[in-house]
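A structural walkthrough
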Amino acid sequence: MQRSSRNLISASHPTLNLSYPTLESFVWNTLIRAHVHHPSDSPFTPLSVFLRMRYHAVRPDTHTFPFLLQSFTSPEYLSCGRSVHSLIIQLGLSDNVFVQTSLVNMYSSCGSFHLARQVFNEIPQPDSASWNSLLNGYVKAGMVIAARKAFDSMPSRNTVSWSCMMEGYVRSGQYMKALLLFRKMQKTREELIIPNEFTMSVLLSACGKLGALEHGKWAHCYIEKRGMQIGNVLGTSLIDMYAKCGCIERAKFVFENLGPNKDVKAWTAMISGLAMNGHKEECLDLFSKMIGSGVNPNGVTFISALSACVHSGAVALGKSIFEKMQNRYHISPSLQHYGCMVDLYARAGLLDEAWSLVESMPMQPDVLVWGSLLSGARTSGDIKTCEASLSKILELEPNNTGAHVLLANAYAKMGRWKDARRVRAQMETKGIKKVPGCSLVEVDGTVHEFHVGDESRPDRREIYMMLDEMLRRIRMEGYASNTEEVTVDIAEEEGKELAVSRHSEKLAVAFAIMKTRPGVPVRVVNNIRMCRDCHAAGKMISLVYGREISVRDCNRFHHFAGGACNCNDYW
């Protein structure tokens, strides 16, 4: 139907020139549907086609409005949507479940959930599609608790229901709940509930975020066992998952097997994966290869390429890519692009250039841009720039946790403990809590979570014994605690050493080494930036224990092997 619709429509079609007599609703419905699915193929909007339909006195039917309402996708369309709803009532079509479901979806897309729920409540016997529309609306709005209540209230669920709820958990950062829901989905006795391409994409996203490689490998095997075609959608999801788990060779294998018809999303996922894992040369080579293959990069592709430059300190190259994006590809820089460039300059200590770029931006800098400047200034020890950046961040987000913590840490690094305590006191007064360090590590298919100084685990005694042994061995090889990383005022050096030794990354690595065979790689996911002491320890542990250790922090991967890190101590 979609293909025939495209052939039927052109900008010069006589029905769009108001010269033809009344046409059957089927043809007009086809026109509206074509303009919904292919908006770039015509200068006319679905609503304008609908108005021409009304001009020709063609009566809309129960198929017209579901097609038309699909085009109302944001709050700015709410007024039009309500007008169309009034017309539906006037025409006596408001009792049709197909139309009602479309109204639920429309109101959800326009952000009016009370109206979506009101329409839903008026459906005498809502079917699966109606429930799924309500569920999807909650998920897109981030209303996970409401989504779960709707999910649990459904009299019956299908694959779309389960997949949608899983997506809700992934969107809200509750990745383990997504995995657990998938397991529950597999155990359901309803015959028609079989994971599809979308389900597996959501599952792979959760695995990637958790760094759960074994879960991700299982999902890959399941896809192949079920005979699902690994095209651009699943292929991109697999590339992203493997890259986020630090398994870049498997990501490259999937990428190459996609063949010559890879779309821009697949190319971008691979380029991003290489950048994240610190493979700058391969990343930029692939970027050039993408262009050579005739696939034009988009804004996200350029963010990935710029990230590779940021993490390697390639200032001149990053500047060249930024200019090429605008001059050759006519892509206007977004806040994210400016954020990358400010980060690039700030990390390299070029704070004057970073300031100059911030001041020349055509839009107001956001928290990301000011945060990049603050982080770079902290590394360089430029307190004035730190304070100025913090001031700007607090104008935008008065309760921003990260900015307060960065400034307090900058004061602590310089030994200005009074100022550090003042910032922390302000945080306490405002009710701002620092996000605690948290590390995840997967062992034997189970994801284990550790926090700084974690005492919650039943096997904590064995873990701390292993940690003490690990630290004893690396100290014999020359490791010394970097107590400059202590951001609270502890007078005794021994107390400072104890504080840095209990960081969550070290606990996760100690646990993994204790629980796995010699030589097995260790993969850790950390929610905050890796500190320099943990970085130095990671290098030494990889040498002493003969292990490859990968740590993914909030910025990038650190791959430790043989006493070195692939970041070359620049991050």
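Because the structure is a prediction, the values reported are computed rather than measured. Starting afresh in each chain, residues are numbered from 1 along the sequence in its written order. Residue-level local features of this predicted model are given only where pLDDT is at least 70; pairs of side-chain atoms are given and counted only at 80 or more, and the full residue set underlies all totals for whole chains, interfaces and linings. Note that the side-chain values use all heavy atoms of the structure and ignore hydrogens as well as water.

Things to note about the layout of surface pockets
Two kinds of site are reported from a 1 Å grid over the protein atoms alone, namely cavities, where a 1.4 Å probe fits but cannot get out, and pockets, open sets with protein on both sides within 12 Å along at least five of seven lines, and residues are called lining when an atom falls within 4 Å of a point. Grid points are joined across faces, edges and corners, and a volume is the space filled by probe spheres set on the points. The computed volume of the second largest pocket comes to approximately 360 Å³. Lining the second largest pocket are 17 residues; nearest its centre among them are Glu214, Glu442, Thr516, Val520 and Pro521. Counting from the N terminus, the helices are DSSP H or I runs at least four residues long and the strands are E runs at least two residues long. Mapped by element, the contributors of at least two residues to the lining of the second largest pocket are helix H13 (213-225), strand S1 (438-443) and strand S3 (522-526). Within the lining of the second largest pocket, the residues separate by chemical class into eight nonpolar, three polar and six charged. Classification convention: Asp, Glu, Lys, Arg as charged; Ala, Val, Leu, Ile, Met, Phe, Trp, Tyr, Cys, Pro as nonpolar; all other residues, Gly among them, as polar.

Concerning the environment of Ala420
Assignment of secondary structure puts Ala420 in helix H25 (residues 417-430). C-alpha of Ala420 to C-alpha of Ala408: the two residues are twelve residues apart in sequence and 4.5 Å apart in space. Dropping the residues within four chain positions of it, Ala420 is found in contact with Ala408, Tyr411 and Ala412. Contacts between residues were defined by any pair of non-hydrogen atoms, one from each residue, lying within 4.5 Å.

A word on the nonpolar core
Put simply, buried Ala, Val, Leu, Ile, Met, Phe, Trp, Tyr and Cys residues joined by side-chain atoms within 4.5 Å make one nonpolar core. Burial classes: relative accessible area under 20% of the type maximum marks a residue as buried, over 50% as exposed, and values in between as partly exposed (1.4 Å probe, protein chains only). Judged by nonpolar contacts, the single largest core of 141 residues is most densely connected at Phe65 and Met200. For Phe65, the residues in contact, after removing those within four places along its chain, are Phe50, Pro60, Val84, Leu87, Ile88, Leu91 and Leu93.

Let's talk about helix H29 (residues 532-544)
An α-helical segment advances 3.6 residues per turn. Residues three or four places apart therefore align on the same side. To estimate the expected span of a helix, subtract one from its residue number and multiply by 1.5 Å. An ideal rise of 1.5 Å per residue puts 18 Å on 13 residues; H29 measures up with 19 Å between its terminal C-alpha atoms. Among the residues of H29, Asp533, Cys534, His535, Ala537, Gly538, Lys539, Met540, Ile541 and Ser542 are the ones counted as buried. One or two residues past the end of H29 sits Gly546, with phi positive at roughly 60°.

Here we look at the pattern of salt bridges
If the charged atoms of two oppositely charged side chains come close together, the side chains can form a pair. Any Lys or Arg side-chain nitrogen found within 4 Å of a carboxyl oxygen on Asp or Glu counts as a salt bridge. One pass over the structure, following the stated rule, counts 16 salt bridges. Residues Asp240 and Lys244 are paired through a salt bridge, measuring 3.3 Å at the closest nitrogen-oxygen approach. In this pair, Asp240 and Lys244 both sit in helix H14 (residues 232-244), four residues apart, roughly one turn of the helix. For Asp240, a relative accessible area of 23% gives the class partly exposed. Judged by its relative accessible area of 17%, Lys244 is buried. One salt bridge connects Asp569 with Lys539, and the closest N-O pair in it is separated by 3.1 Å. In this pair, Asp569 sits in the segment after strand S6 (564-565) while Lys539 sits in helix H29, placing the two residues 30 residues apart along the sequence. Put simply, Glu249, Lys252 and Glu282 are held in one network by salt bridges that share partners.

Let's talk about the UniProt feature "repeat: PPR" (unreviewed entry) in the chain
According to UniProt, the feature "repeat: PPR" (unreviewed entry) maps to residues 127-157, 158-192, 263-297 and 400-434 in the numbering used here. Taken end to end, residues 263-297 has its terminal C-alpha atoms 10 Å apart, with 74% of it in helix and 0% in strand. UniProt positions are given in the numbering used here, feature names are shortened, and annotations may be inferred rather than shown by experiment.

Examining the packing of helix H11 (residues 175-187) against helix H12 (residues 197-210)
Each pair of packed helices can be described by the angle between their axes along with the distance between the axes. The convention used is that axes are lines fitted to C-alpha atoms, helices contributing only their stretch in contact, and that angles between N-to-C directions extend from 0 to 180 degrees. As a packed pair, H11 and H12 sit with axes 9 Å apart at the nearest point and diverge in direction by 140°. Between H11 and H12, the interaxial angle falls into the category oblique. Here H11 runs over H12; the crossing is left-handed. Across from Tyr175, Met176, Ala178, Leu179, Phe182 and Met185 in H11, the residues of H12 making contact are Thr199, Met200, Leu203, Ala206, Cys207, Lys209 and Leu210. By the definition adopted for this analysis, an angle is roughly parallel if under 35 degrees, roughly antiparallel if over 145, roughly perpendicular if from 65 to 115, and oblique otherwise. In a left-handed crossing the near helix is turned counterclockwise from the far helix by less than a right angle, and in a right-handed crossing that turn is clockwise.

A look at the pairing of strand S2 (residues 446-451)
Strand pairing is defined by DSSP finding a minimum of two bridges between the two strands. Bridge count for S1 against S2 is six bridges, and the pairing is antiparallel. In the strand pairing of S2, Glu442 is matched with Val447. Adjacent in sequence and paired antiparallel, S1 and S2 are bridged by two residues, among which Asp444 carries a positive phi angle near 55°.

Describing the packing of aromatic side chains
The criterion for an aromatic pair is that two Phe, Tyr or Trp rings (for Trp, the six-membered ring) have centres within 6.5 Å, with stacked assigned to planes under 30 degrees apart, edge-to-face to planes over 60 apart and tilted to the rest. Counted according to the given criterion, the structure contains 14 aromatic pairs. Centre to centre, the rings of Phe302 and Tyr329 are 5.7 Å apart; their planes meet at 55°, and the pair counts as tilted. Of this pair, Phe302 sits in helix H18 (residues 299-312) while Tyr329 sits in the loop between helix H19 (315-327) and helix H20 (335-347), and the two are 27 residues apart along the sequence. Residue class for Tyr329 comes out buried when judged on its relative accessible area of 16%. Measuring from ring centre to ring centre gives 5.6 Å for Trp355 and Trp370, while their planes differ by 65°; the resulting arrangement is edge-to-face. Taken together, the residues Trp355 in helix H21 (residues 351-360) and Trp370 in helix H22 (residues 367-380) connect sequence positions 15 residues apart. Taken together, the aromatic side chains of Phe182, Trp218 and Tyr222 make up a single cluster linked through ring pairs.

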